[in-house]
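Structural features, examined
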Amino acid sequence: MSFEYPQDFRYLDTHEYVRLDGEIGTIGITEFAVDQLGDIVFLELPDVGDIVTKGKRFGTVESAKAVEELNSPVTGTVIEINEALLESPDNLEDDPYWEHWLIKVRVDDHDEVLDAMTADEYCLLVQGERNEGE
């Protein structure tokens, strides 16, 4: 299976992404992560106004296979959560990048985004993980 990773996003090795638009970071999980999880049945997300910290847990995603922590690629204040996903977390399978992001954050330090992997670096990481799983 072939996955796409938008070039203007940055990625964590735990399969979260961030897209920076001015001071707003949109955070979600990658198509690879969604595929690995299988049927997603539950999401736990922070509340608007909560602070998320780079590298720290901000929620969980639960599937029929596993419960995985969600880690933030940046530090900042949650300004929006994708409410529709809380009602129907399985929608993540349709479009995890543009429509079904998880949270939006007012980013404290834009340079934190640069610490995350580029799309090409993330693609290499995923290829390695897929090869290990075979």
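Residues numbered from 1 in each chain as written. Predicted model: local features only at pLDDT ≥ 70, side-chain atom pairs only at ≥ 80, totals over all residues. Heavy atoms only, no water.

Taking an unreviewed UniProt entry as the reference, the protein is identified by name as Glycine cleavage system H protein belonging to Umezakia ovalisporum FSS-62. You can read under Function (unreviewed entry) in the UniProt record for the protein the words "The glycine cleavage system catalyzes the degradation of glycine. The H protein shuttles the methylamine group of glycine from the P protein to the T protein." The UniProt entry for the protein carries the following comment under Subunit (unreviewed entry): "The glycine cleavage system is composed of four proteins: P, T, L and H." (UniProt positions renumbered as here; feature names shortened; annotations may be inferred.)

The next subject is the nonpolar core. Ranked by size, the top nonpolar core spans 23 residues in total, and within it Ile29, Phe58, Leu70, Leu92, Leu102 and Ile103 carry the most contacts. Elements with a minimum of two residues in this core: β3 (24-29), α1 (31-37), β4 (40-44), β6 (57-63), β8 (76-81) and β9 (103-107). When near neighbours in sequence (up to four residues on either side) are disregarded, Leu70 contacts Glu16, Ile29, Leu43, Glu44, Leu45, Lys56, Arg57, Phe58, Gly59, Thr60, Val61 and Leu102. Judged by nonpolar contacts, the second largest core, of 12 residues, contains Tyr5, Phe9, Ala119 and Val126. (Core = buried A, V, L, I, M, F, W, Y, C linked by side-chain atoms within 4.5 Å. Buried < 20%, exposed > 50% of the residue type's maximum accessible area, 1.4 Å probe, protein only. Helix = DSSP H or I, 4+ residues; strand = E, 2+ residues; numbered from the N terminus. Contact = heavy atoms within 4.5 Å.)

The next thing to look at is the UniProt feature "domain: Lipoyl-binding" (unreviewed entry) in the protein. The residues that UniProt annotates with the feature "domain: Lipoyl-binding" (unreviewed entry) are residues 24-106. End-to-end, the C-alpha atoms of residues 24-106 are 5 Å apart, and along that stretch the chain is 14% helix and 42% strand.

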